[in-house]
Amino acid sequence: MTDTLFSKIIRREIPATIVYEDEDILGFKDIAPQAPVHVLFIPKHAPIPTLDDATAEQAPLLGRLLLAAAEYARREGLAQDGYRVVMNCREHAGQTVFHIHLHLLAGAPLGHFGTP
Ligand code: 5GP
């Protein structure tokens with residue numbers, strides 16, 4: 001994986017509002033939120049551009065991305081009302097940053113999903 005915008009956030013070279021961190025995962029607020037709560041969860045050490053590039057060996061890390069989002073949602077009192085997690089893969093999904101990331105969207109009813 002070449003250096004990405006998100007690698008710079010991991011290294012604190014560009015500012016971000018970091019709201020979650022553990023050994024493997026960083027969570028920070030999206031700069032252009034699509035919901036009242038919009039947080040991105042990224043792996044800190046694994047060079048994975050897209051979900052299509054992930055390997056079976058990386059399954060635990062992908063699981064930890066999901067569990068980090070769930071833990072954050074619980075901690076912030078978002079779990080009861082619910083939330084959405086989304087991972088965009090390449091062009092048709094509108095992926096713009098090629099450092100694998102999970103979107104957590106919450107804080108209001110999110111409407112139907114998947115309409116082009
Ligand atoms: P994608 O479209 O690749 O699934 O999601 C990339 C996300 O990164 C977008 O929602 C976009 O708003 C967010 N983003 C792009 N640049 C920055 C930045 O410099 N800081 C933060 N916090 N988010 C960013």
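Scroll up for the structure.
If you're wondering where the values come from, they're calculated on a predicted model, not measured in any experiment.

A. Representation of the pairing of strand β5 (residues 102-106) in the model. Of all five residues in β5, five are buried, a share of seventy percent or more. Neither face of β5 is left uncovered, since the one carrying Leu-102, Leu-104 and Ala-106 and the one carrying His-103 and Leu-105 both have all their residues buried. Across five bridges, the pairing between strand β3 (residues 37-43) and β5 is antiparallel. Bridge assignment links Phe-41 to a residue of β5, and that residue is Leu-102. Two strands pair when backbone bridges link them, and strand β4 (residues 83-86) and β5 are joined in this way by four bridges, in the antiparallel orientation. Paired with Arg-84 across the strands is Leu-105, a residue of β5.

B. Spotlight on the pattern of salt bridges. Enumeration according to the criterion identifies nine salt bridges in this entry. A salt bridge links Glu-21 to Lys-44, with the shortest nitrogen-to-oxygen separation between them at 2.8 Å. Of this pair, Glu-21 sits in strand β1 (residues 18-21) while Lys-44 is found in the loop between β3 and α2 (59-75), placing the two residues 23 residues apart along the sequence. Where Asp-53 meets Arg-90, a salt bridge forms, and the shortest distance between an N and an O atom there is 3.6 Å. Note that Asp-53 is positioned in the loop between β3 and α2 and Arg-90 in helix α3 (residues 90-93), a separation of 37 residues in sequence. On the accessibility criterion, Arg-90 (35% relative accessible area) is partly exposed. Salt bridges sharing partners connect three or more residues here, namely Asp-3, Lys-8, Arg-11 and Glu-13.

Cut-offs applied
Residues numbered from 1 in each chain as written. Predicted model: local features only at pLDDT ≥ 70, side-chain atom pairs only at ≥ 80, totals over all residues. Heavy atoms only, no water. Buried < 20%, exposed > 50% of the residue type's maximum accessible area, 1.4 Å probe, protein only. Helix = DSSP H or I, 4+ residues; strand = E, 2+ residues; numbered from the N terminus. Pairing = 2+ DSSP bridges. Salt bridge = Lys/Arg side-chain N within 4 Å of Asp/Glu carboxyl O.

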